[in-house]
Amino acid sequence: MIESLSLHKPHIEHWLVLSAILFAIGLYGLLSRRNAIGILMSIELMLNSAVLNLAAFNRFVAPASVDGQIMALFVIAVAAAEAVVAMAIFVAIFRYRRIVDVNRMDLMKD
Amino acid sequence: MGLVSWLIAIPFLTAMIILAVPARNWRMIRWVAVIGCGAHLLLTAVVTYLYWHASAGDAIGAQTLLLTKLYLVEKVPWFKSLGIQYFVGIDGISLAMVILTSIVIFAGVLASWYVNIRTKEFFVLLLTLVTGVFGVFVSFDLFLFLMFYELAVLPMYLLIGVWGTGPKEYSAMKLTLMLLIGSAFVLVGFLALYHASGMHTFDLQQLAQAHFSSDFQKWVFPMIFIGFGVIGALYPLHTWSPDGHSSAPTAVSMLHAGVLMKLGGYGALRIAVYLLPEGAIAWGLFFMVLATINIIYGAFVAVMQKDLKYFTAYSSVSHCGFVLFGVAALNMMGLKGAVIQMFSHGIMTALFFALIGMVYSRTHTRMLDQMGGLAKKMPWLAAAFYIAGLASLGLPGLSGFVAETHVFLGGFFGNIWASSGVMKALAIIATMSIVVTAVYVLRGLARVFYGPITNHDFEKITDATLPERISTGLLVAVLFAVGLAPFLFVNMIESSLLPILNRLHQTGAAAFAH
Amino acid sequence: MEQFSFVFRNAWLIPAIPLVSFAVLGLFVSPISKRLAGVIGTVAIFISAAFAFLLAWNYFLSPAGKEHTALIAWTCEWLRYQTGLTVNIGVLVDPISVLLMSVVTTVSALVHLYSIGYMHGDEGYGRFFGYLNLFTFSMLGLVVAPNIIQMYICWELVGVSSFLLIGLYYQKPAAVAASNKAFIVTRFADLGFLIGIIILGYYGYHFFGEFAPAVASTAVKNGVTNLQPFDFLYLTNSAVLAKLASINLHFFDISLLTASMVLVFMGAAGKSAMFPLHIWLPDAMEGPTPVSALIHAATMVVAGVYLVARLFPAFAASGTALLLVAYVGAFTSIFAAIIGITQDDIKRVLAFSTLSQLGYMMLALGVATMAHPLGYSASMFHLFTHAFFKALLFLAAGAVIHAVNTNNIWEMGGLAKKLPVTHATFLVATLAISGIWPFAGFFSKDEILASALSGGHYVVFAIALTVAGITALYMFRIYFVTFWGKSRGDAAGHAHEAPAVMLLPLVMLAILSATVGFVNFSDYVSIGEPIEHHGINSKIAVSATAAALTGVFLAIFFYTGQTDRAAMMSRLLGRIYTLVKQKFYIDEFYIFVTHQILFRFISRPAAWFDRHIVDGGVNLSAWITRTTGGKLRYLQTGQVQVYSLWFVGGMLFLLLILWAGAR
Amino acid sequence: MKLMCPEIIVIACAVAVLLLDLFVNEKKRVLLGPLAALGLAAAFAALIFFTPKEGAILGGRFAMDAVARWFKVLFIISGLVTVLLSIDLLDGRAGVRVRGIGSRGEYYSVLLFTISGMMYITSSRDLITLYVSLELATIPLFVLAAWRRDNAQSGEAGLKYVLIGAMASAFILYGLGIIYGLTGTTDLNLLKQAIKPSLALWLATAMIVAGVGFKLTVVPFHMWAADVYQGAPTPVTAYLSVASKCAGLAFIFQVLFRILGAFVADGAMIAAVFAAATMTLGNVVAIVQQNIKRFMAFSAVSQAGYLIMGFLGNWDLAVPAMLYYMLIYVTTNLAVFACIIWYTNETGKEQISDYRGLSRTNPLIALSMMLALFSLAGIPPLSGFVGKFFLFSIASKAGFHWLVGVAAVNSTISLYYYLRIVRQMYIEAADENARCLPVSGVLASTIAVLNLAVVFLGIIPVFYEGIYAQTSSWHW
Amino acid sequence: MISDAVYTLLFYAIAIITIVFALAVTMSRNLLRAAVYLMMVLLTTASLYIMLDAEFLAGIQVLIYVGGIVVLIVFAVMLTKSAEMLDRPPLRRKLSAGLASLVFAAVTICVFWTSRFPIAQNHVAVPPNNTEEIGLKLLDYGSGGYILPFEIISILLLAAIIGGIVVARKTPPPEQPFTTGGDLTGEADFDAPHTQRPRTGKHI
């Protein structure tokens, strides 16, 4: 058992699959949530999975450098900026319309 | 700047001057326009003389020539990296077309003498349009050609849309879109030519020396021919023409039917046949059949028309069929007939539309059955109308006859590539149109001008004014000039057509040997 | 050629003078002074006529004229279709052209003169003379045409001048209808002519290299230096014709030559109003009477006959075509003659008489051959005489109409005393057309009958003889009804003789009608072999005269004294009479064909098709685009998650095609 | 530092505007707009006259080449014009007073920040800078779209934009991550050698292209455009339609030409399919639009379709042609938007039918708008024709004659809807009480200059020849 | 060996927990709870980073993500009263979203499973302390440095904060309470055209 576990030490594919699953889950949330903030959370999930991806690549592909981690750092910062902007917009909309339900955001359509 | 550039520049500059004149001085605007066009007429005369002088000995040398000999050439690199140049010049064919346009616009400006709604815009657009037309006729670079070609089409939209009558917006839109769809085909063809030649140039003369494979020619030729066919009213792509003409104001109808529709025939001849002889040989008969349908069908439909403009428009469809028929015949007489027909029909139909406009401005109706007996009140207009009508039915002594016999003979003489029996049959069928034309022209004109005056409002009608007389008189004179002295005109074209024919024969012979 | 130095070299003046006069009248004079227009026009024609006489005098008395040589007096290049296919307009001088030039200028000059009086005070006066000049020019141009294209050009021009003159009173609907009818019917015929020309031109050009050298070598003496396929000289060359006749079209087994000649004859039949293209001529009488005299009696309508004569070698070489000419001519002559008996309008009777006489001329041409060309001469002779007496008849009728203001013979009557000069000249003409010795018609008819008989065409001969009788009948019918008996209308009671300017031409034409028969015609005008037949064949002369006298007596019987005999007769014939009176309903048939078949079943559907199918297709494509846009816009739901879904789908699709492309 | 001079000027100007906004009173805030414009002009001047044409600093992480230079020109022009177009609205000089669009200092500085972000995109030489600068060019735009707090539509536009934008950025990031994983380096110069075709690479490409497709409004990633364009404040819409698209193009240039250079030619068919779909859908849907901003959104979609035809051919011609086209597109589209902004400012109306009779009341504006619209439709001799022609030429050279046909027919369709506006302006009669509307000096001169550019960019060959000479040999 | 086995076990355990929490984030009807689950996901991911030898990254994740973003989200949830409204997406949307994400997951997993990445050989030495390395690189002007993106991100954050403040700033409430689903045209946003102040500009 231990032996087989040790022999099946997670390889890069496993990390990638994990990140892909997380991305897909985020995507699901993005596509299904009605609340804009919920959608934003899902997007954060997606970004998070991308960061995981980068970290995994850094570890497996180029362990000698830290480029992937640095990129991950930047992504986290970008995610923060995005969150700030998004939240501000949501709050502004809420002030005006008292909802943040994207299903009802259809003032403009054909 | 050479003379040929001035041919393009004069209308444009006139338009610019008009743009600077305050709109309320509409009387001054029309004077500016007429002076500009008059100057253009003079310049055209000078160019004609120069060409005449320079090309005197051409016919002999042209026997084996494969490239059109150009005069007064101006060539300036433009987009060097793409091999695009400003390349203008004239040969016999383009000169004929320039003369035509120059005359028609002069007459057209005079015929628009009484346009007093938004006069400024009207003349600016009209002259812009003409700039495009002149550009097309003198440019020998495909890019330049296309550029002018579309420039010539677009002002039409506003000219019809603003100053037109009837369902003008619909007609204007239909006309513009159909013509530009046509130019879309042309564009595809041009680009294909450019790239297939491998010569990295849009220069017509250089492209003519490129070798295009047989298969290539066989798909590009119909592309370009149909593209030009739309503006040349090739059946069944002609339907913009009746609507467009009937809605357009007088001068625009004149220019449109008189000159713009000729761009089709000119392009088909100058570019499609010239560059793609093998394609022309392969598709000649097909387009000849379509052109025959044009001729006969247009004539028969014209018989039924109740509106003078529709009537003339269908007659134009029929007559433009002769142009395409001549081009598709691919022999000297056919091609020459096509060019003469372009000229002749241009003048004639411009005259028609000018007269219709003048009559309409007096009677306020264009419906045949509401008119009658007008010859009594407007003998000048009636006489001019009849002369135009007689030219249209191919009366000898007027230009139509020269053109039509060329075309018929061309069709009947056929060429060595297409089935001679079919071509002969088509020529005979096409010939039959002369009777139908006589029927509709005479019935229509008699309805308008002859018989007793039916409507008492017509009693107060007056005959043509001086500008109108000059306008129509000029056109009538040209009709007679070509009809009575075709030799002046025909030989000028012939030497320019020889290279096209030589090319056809060269490739045709090669294809046979293969 | 030197022998006719001046007049020959300047023969082009004969057509040119009327042209110049026309241009001057049309551009300058007519708008200024109508009176001057008449004078200038008339003078021009008289000068032209003088030239023509001079030319005729010179030509017929010269050796060339004796040998009937065709000479090109003047030529210049007009239009080059392509290398080796050029049209050189020019002036051809040969017996028939000289003959026709004299006839045309003479009649035209006299008609001009007459018109000065007849048209006096008419509002179309200026135009009238302009058109008449145009016509004269065109007719002369046609006559002198050395090639078939020039012939066609002038052919059309005479057509258009005829059109203009018939429609001179353009406010009269009947005149307008008649002018259109005349033009369109002849145009239809010209279609055949044009196609014939195209065929001849094509094959002529095709074999030109083969035959031209031989033809050209002989042509030099005719003054031709630049022989072209369209030239009559080339087209009537026997070798060329034999070649053309040898090409079988595999279509009813007719030869190419026959086909083209039949087509050309179609043109001739249209212009000369042969059955079934005759319908325009009676209606053309709506024009002013001088026009009827000049164009629709003396000159233009004989252009068809002239064309057949001009191309006679070709017709003869075909044989079949010539036979067609003979039978069409014969049928037309009797057909028109029968109708002529029943018409009440004096000009219409004369029109049908013209038809009949034209049929006579055609018939004569049809029975001739190159070996036995008496009919040819006879036809030309009849053309010659007919021109004078028929012009006279019309002009006299015009004088009558001028006096009584009606065309209906039943509203005239008793005019003999009131219009003595007119009456006398009319009688001369009537006798001439009826073929009574010694008037001109007698001689020419006699020759025609002789040629028919000697050619072995007995049916044709019988028809011709019958027609001679009927001609006398209907001519004397109108003569008696018009001039004898009592005045039947108010106007007829107060009729006055016409002014001298009108009477002078009548008298001159009467003199000509009475005398020209004595010209020894076939000496001057002939073709092919020299003609052995001379003088009057007594048998034929007797039978023809008998036939004519029968006609005269019948006319006396029916139309003098109590006129109810004619009415009785017509009642007796019942439906047949109505049928004839209605001109065998040919007009109605044409109207049916054009309106019900061409317009209704071709034009109207074509117009419908164009508006609904072709144009509908264009509108449909626009509609489809718009509708697609209208539908596609609903993809834009405003739901941000739907947009996202599209985004993901698009990405997956992109991946799919990337993957597919990479494989 | 010479090399980064324009960027630094832009950022410095942004900060200066921000600070000035803090320290001056409301009356003096009218200076902010001119200051921002001045800053951009200075940056432009620096870019043209001061910055070296080639070079790299920061160890090659920031490089300058011809393409970058031209892109920067485009960005600065878009920014400058947008600033000029915004001045009236922000200073309350509009004919209808608009509540809530205040915060001038912040507006200008955010705008300038995005411009600097865009400028960094073209100069970055590693994935990280590329990504971060892309985000700098994108995220503030979300705010700009939602700038009008009083307007439900503006907020909604911001919401939609931010959600889809964030998603697109997640996709791009994920794709870039995979590319990093495939090579182990973030250096663009090293990447292009290390990269090998594999399924994962296609996945990465697909995700990145989808993300950039969002910016370029390529079908089917375009759907946000209509709503956001309609809802955003009009100057922002103008900016989005040109600068954002340029940024997308710059980004995809970096990705496609620097990373995937070897495989671009294989994707020609794909580009052709997307080009055809984009132009057709954009055109067909534009036909039925009534709101002019929404209409311009679909027009922009179809223009993107023409643009990506450039990816069909080899780079010698494609890169200059696309840059040239963008140059023309930027000027032309801004010219149209200048007129729209003016009209919306003056009347508050933005339906197409509201433009009726404009040629009678304000003939020169109508003429300008017509010229610009015709240029968009590709009517010679206006520059739009020339730009399109070169792109079509590329497709034709690559053998995609059918695509040229589709594109040419599409231009005709597009002419139909552009003519709808022309018809309203020229053919329809004006309202009874319509009168000449005033035009401020800024807008008038902006419109005039833009129209001159629209006319002359295509006629005078210098521009294209310049771009061609500098960028046609832009390889690897 | 044992450590490898523990590593494997830990990986799977944390992975499953992460996935479960992630699913909870997307499916929870109460947004406040979802925010908490999101925090959990971020924390577990941080532990995964530690497993990937990225301790600094894990720290940052906890600081910024958990400490910053999640708090921001919670604030936003509160401010928008979202916690009081349960998020029940319509079934149709759930299905389409599920389908899309499943397809996406399947495709991506297949791609990752079949692709070969250039795995570094084991003998490549992993730097013992990469935090220092990261710090150095972030401020490095040289060829491997990331000073430029570092500066850019600071501008980005500045811009985002400015923008956020402007947009989220309190504005006077609208004159009429807004009703959702109403058809609001562009004109409604503007006051009636009235000009109180002197207008400048030319009439052209």
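Values in this document were obtained by computation on a predicted structure and should not be read as measured data.

## Some details on the overall build of chain D
Here is step 1: When its secondary structure is counted, chain D shows 19 helices and three strands.
Here is step 2: Since a compact globule built from 476 residues should have a radius of gyration of about 23 Å, the 21 Å found for chain D is in line with a globular shape.
Here is step 3: The principal-axis extent of the C-alpha atoms belonging to chain D is close to 70 × 55 × 40 Å.
Here is step 4: A separation of at least 24 residues holds for 81% of the contacts in chain D among residues at least 6 apart in sequence.
Here is step 5: Just so you have it, chain D exposes about 10700 Å², and 66% of that area is on carbon and sulfur atoms.
Here is step 6: Averaging the locations of the 31 positively and 23 negatively charged side chains of chain D gives two centres separated by 1 Å.

## Side note on the overall build of chain A
Here is step 1: Regarding its fold elements, chain A presents four helices and zero strands.
Here is step 2: Starting at the N terminus and ending at the C terminus, chain A contains elements arranged as α-α-α-α.
Here is step 3: Here the C-alpha atoms of chain A give a radius of gyration of 19 Å, more than 25% beyond the 13 Å that 2.2 N^0.38 yields for 110 residues.
Here is step 4: Along the longest, intermediate and shortest principal axes, the C-alpha atoms of chain A span 60 × 30 × 25 Å.
Here is step 5: For chain A, the residues scored as buried account for 83% of the 110 residues in total.
Here is step 6: When contacts within chain A are restricted to residue pairs at least 6 apart in sequence, long-range pairs at least 24 apart make up 57% of them.

## Some points on the interface of chain E and chain A
Here is step 1: Counting residues at the interface gives 97 residues for chain E and 80 residues for chain A.
Here is step 2: When chain E packs against chain A, close to 8100 Å² is buried across both sides, 77% of that on carbon and sulfur atoms.
Here is step 3: In terms of surface lost to chain A, no three residues of chain E exceed E:Thr26, E:Leu52 and E:Tyr65, which account for 8% of the buried area on that side.
Here is step 4: For the interface between chain E and chain A, the tally reads four salt bridges.
Here is step 5: At the junction of chain E with chain A, the criterion picks out 14 residue pairs in polar contact (both at pLDDT 80 or more).
Here is step 6: Looking at the side of chain E that touches chain A, the elements with two or more residues in it are α1 (2-27), α2 (31-51), α3 (55-79), α4 (91-114), α5 (130-138) and α6 (147-168) of chain E.

## Concerning the environment of B:Gly421
Here is step 1: Within the fold, B:Gly421 resides in helix α19 (residues 420-431).
Here is step 2: Sequence separation between B:Gly421 and B:Gly372 is 49 residues, and the spatial gap between their C-alpha atoms is 45 Å.

## Description of the arrangement of the chains
Here is step 1: When the eight pairs of chains in contact are compared, the highest contact count belongs to chains A and E.
Here is step 2: Regarding chain A and chain B, which are not in contact, the minimum distance between any of their C-alpha atoms is 25 Å.
Here is step 3: One finds no contact linking chain B with chain E; the least C-alpha distance across the pair is 13 Å.

## Observations regarding the packing of aromatic side chains
Here is step 1: Tallied over the full model, the rule gives 120 aromatic pairs over all chains.
Here is step 2: Residues B:Phe322 and B:Phe408 carry aromatic rings whose centres are separated by 5.5 Å and whose planes lie at 75° to one another, so their mutual orientation is edge-to-face. Of this pair, B:Phe322 sits in helix α14 (residues 308-329) while B:Phe408 sits in helix α18 (residues 399-413); the two residues are 86 residues apart in sequence, bridging distant segments of the chain.
Here is step 3: A relative accessible area of 1% places B:Phe322 in the buried class.
Here is step 4: Cluster of aromatic residues (ring-pair linked, three or more members): A:Phe23, A:Phe57, C:Phe647, C:Phe653, D:Phe171, D:Tyr174, D:Phe221, D:Phe274, E:Phe104, E:Phe112 and E:Phe117.
Here is step 5: Sitting over the face of the ring of A:Phe60, A:Arg59 holds its NZ or CZ atom 5.4 Å from the ring centroid.
Here is step 6: If you follow C:Arg310 out to its NZ or CZ, it ends over the ring of C:Phe232, 5.7 Å from the centre.

## A short note on unusual backbone geometry
Here is step 1: Looking along the chain, the bond that leaves B:Tyr235 and enters B:Pro236 is cis, with omega of 0°.
Here is step 2: Considering the arrangement of structural elements, one finds B:Pro236 in the loop between α10 (214-231) and α11 (240-247).
Here is step 3: For the bond from C:Phe275 to C:Pro276, the omega torsion is 5°, close enough to zero to count as cis.
Here is step 4: Structurally, C:Pro276 is set in the loop between α12 (256-271) and α13 (280-283).
Here is step 5: In this structure, C:Asn405 takes a positive phi of about 60° despite not being glycine.

## Some words on the state of the cysteines
Residues and elements named next belong to chain C.
Here is step 1: A full pass over the atoms with the stated rule returns zero disulfides over all chains.
Here is step 2: Cys-154 provides the cysteine sulfur closest to Cys-76, a residue in no disulfide bond, and the two sulfurs are 13 Å apart.
Here is step 3: For Cys-154, a relative accessible area of 5% gives the class buried.

## Quick word on a nonpolar patch on the surface
Here is step 1: Residues A:Met1, A:Ile2, E:Met1, E:Ile2, E:Val6, E:Leu9 and E:Leu10 make up a contiguous nonpolar surface patch of roughly 720 Å² in combined accessible area.
Here is step 2: Sort the elements by how many residues they give to the nonpolar patch and α1(E) lands first, with four residues.
Here is step 3: Considering the arrangement of structural elements, one finds E:Leu10 in helix α1.
Here is step 4: Its relative accessible area of 41% is what places E:Leu10 among the partly exposed residues.

## Some words on the pairing of strand β1 (residues 71-79) of chain B
All names here are of chain B.
Here is step 1: Where β1 meets strand β2 (residues 84-90), six bridges bridge the pair, whose relative direction is antiparallel. Across the sheet, residue Tyr-71 finds its bridge partner in β2, namely Ile-90.
Here is step 2: Connecting the antiparallel pair β1 and β2 is a turn made up of four residues, with Gly-83 showing a positive phi of about 70°.

## Things to note about a positive patch on the surface
Here is step 1: Among the surface-exposed residues, B:Lys306, B:Arg443, C:Arg600 and C:Arg604 lie close enough to one another that they form a single positively charged patch.
Here is step 2: Summarising the element assignment, B:Lys306 is placed in the loop between α13 (277-303) and α14.
Here is step 3: Judged by its relative accessible area of 45%, B:Lys306 is partly exposed.

## Considering the interface of chain A and chain C
Here is step 1: Taken together, the contact pairs 14 residues of chain A with eleven residues of chain C.
Here is step 2: Roughly 950 Å² of surface becomes buried between chain A and chain C when both sides are summed, with 50% attributable to carbon and sulfur atoms.
Here is step 3: Taken together, the links from chain A to chain C amount to zero salt bridges.
Here is step 4: Viewed at the interface, chain C and chain A are joined by four residue pairs in polar contact (both at pLDDT 80 or more).
Here is step 5: For the side of chain A that touches chain C, the leading source of residues is helix α2 (residues 12-32) of chain A, giving five residues.

## Points about the side chain of C:Ser21
Residue and element names in this part refer to chain C.
Here is step 1: Among the secondary structure elements, Ser-21 is positioned in helix α2 (residues 13-32).
Here is step 2: A polar contact of 3.0 Å, which involves the side chain of Ser-21, links it to the side chain of Asn-133.
Here is step 3: Setting aside anything within four residues of it in sequence, one finds Ser-21 in contact with Ile-40, Gly-41, Ala-44 and Asn-133.

## With respect to the nonpolar core
Here is step 1: Judged by nonpolar contacts, the single largest core of 832 residues is most densely connected at A:Phe90, B:Phe143, B:Phe449, D:Phe171, D:Phe253 and D:Phe390.
Here is step 2: When residues in this core are grouped by element, the largest group, 24 residues, is from helix α13 (residues 315-347) of chain D.

## Some words on the environment of B:Ala329
Here is step 1: Here B:Ala329 is to be found in helix α14.
Here is step 2: As for B:Ala329 and B:Leu426, which are separated by 97 residues in sequence, their C-alpha atoms are 10 Å apart.

## Some remarks on the packing of helix α1 (residues 3-20) of chain B against helix α5 (residues 119-138) of chain B
All names here are of chain B.
Here is step 1: The contact between α1 and α5 brings their axes to 8 Å, and the two run at 170°. Judged on the interaxial angle alone, α5 and α1 are roughly antiparallel. Counted together, Val-4, Leu-7, Ile-8, Pro-11, Phe-12, Thr-14, Ala-15, Ile-18 and Leu-19 of α1 and Lys-120, Phe-123, Val-124, Leu-127, Thr-128, Val-130, Thr-131, Phe-134, Gly-135 and Val-138 of α5 form the full contact between these two elements.
Here is step 2: Of the residues assigned to the contact of α1 with α5, the class counts are 14 nonpolar, four polar and one charged.

## Focus: the pattern of salt bridges
A side chain of one charge can pair with a side chain of the opposite charge when the charged atoms of the two come close.
Here is step 1: Tallied over the entire structure, the rule returns 41 salt bridges over all chains.
Here is step 2: Among the ionic pairs, D:Asp65 bridges to D:Arg125, the shortest N-O distance being 3.1 Å. Taken together, the residues span a long stretch of sequence, with D:Asp65 in the loop between β2 (62-64) and α3 (66-90) and D:Arg125 in the loop between α4 (104-123) and α5 (127-145) at a distance of 60 residues.
Here is step 3: Across the pair D:Lys293 and D:Glu350 runs a salt bridge, and its minimum N-O distance is 3.8 Å. Of this pair, D:Lys293 sits in helix α12 (residues 292-307) while D:Glu350 sits in the loop between α13 and α14 (358-361), and the two are 57 residues apart along the sequence. Pair check on accessibility: D:Lys293 and D:Glu350 agree, each one buried.
Here is step 4: What you see here is one network of salt bridges that share partners, running through A:Arg97, D:Glu156, D:Lys160, D:Asp227 and D:Arg294.

What counts and what doesn't
Along each chain, residues carry numbers from 1 onward, in the same order as the chain's sequence is written. Going through the entries in the order they are written, you letter the chains from A and number the ligands from 1. Local features are withheld for residues below a pLDDT of 70 in this predicted model, meaning they are given only at 70 or higher, and side-chain atom pairs are given and counted only at 80 or more; totals for whole chains, interfaces and linings count all residues. Just so you know, side-chain values use all the structure's heavy atoms and leave hydrogens and water out. Helix numbering and strand numbering both begin at the N terminus, where a helix is a DSSP run of H or I of at least 4 residues and a strand a DSSP run of E of at least 2. Only C-alpha atoms enter the radius of gyration, while the globule expectation follows 2.2 Å times N to the 0.38, with N the number of residues. Two residues form a contact once any of their heavy atoms are found within 4.5 Å. Where accessible areas are quoted, they stem from the Shrake-Rupley method and a 1.4 Å probe; at the residue level, only the protein chains shown are allowed to cover. Residues scored as charged are limited to Lys and Arg (positive) and Asp and Glu (negative), so that His and the chain ends carry no count. For the purpose of locating charges, the reference atoms are NZ of Lys, CZ of Arg, CG of Asp and CD of Glu. Think of it in three bands: residues with accessible area under 20% of the maximum for their type are buried, residues over 50% are exposed, and the middle band is partly exposed, with areas taken using a 1.4 Å probe on protein chains only. Simply put, the buried area is the total loss of 1.4 Å probe accessible area from both parts when two parts are fitted together. By salt bridge we mean one thing: a side-chain nitrogen of Lys or Arg within 4 Å of a carboxyl oxygen of Asp or Glu. Nitrogen and oxygen atoms within 3.5 Å of one another constitute a polar contact, given that in protein one can donate a hydrogen and the other can accept it, and given that sequence-neighbouring residues count only through two side-chain atoms. Only Phe, Tyr and Trp rings are paired, with Trp represented by its six-membered ring, and only when their centres lie within 6.5 Å; those with planes under 30 degrees apart are stacked, over 60 edge-to-face, the remainder tilted. Only Lys NZ and Arg CZ are tested; either one counts as a charge over a ring when it is within 6 Å of the ring centre and within 35 degrees of the ring normal. Disulfide: a pair of cysteine sulfur atoms within 2.5 Å of each other. Residues enter patches when they are more than 30% accessible in relative terms and free of salt bridges; like-charged ones are connected within 9 Å and nonpolar ones (Val, Leu, Ile, Met, Phe, Trp, Tyr) within 5 Å. Each pair of strands is called paired provided DSSP finds at least two bridges between the two strands. Put simply, buried Ala, Val, Leu, Ile, Met, Phe, Trp, Tyr and Cys residues joined by side-chain atoms within 4.5 Å make one nonpolar core. For helices, the fitted line uses only the C-alpha atoms of the stretch in contact; every axis is such a line through C-alpha atoms, and the angle between N-to-C directions lies from 0 to 180 degrees. Here the angle decides the label: under 35 degrees means roughly parallel, over 145 means roughly antiparallel, 65 to 115 means roughly perpendicular, and every other value means oblique. The nonpolar class holds Ala, Val, Leu, Ile, Met, Phe, Trp, Tyr, Cys and Pro. Asp, Glu, Lys and Arg form the charged class, and all remaining residues, Gly among them, are polar.

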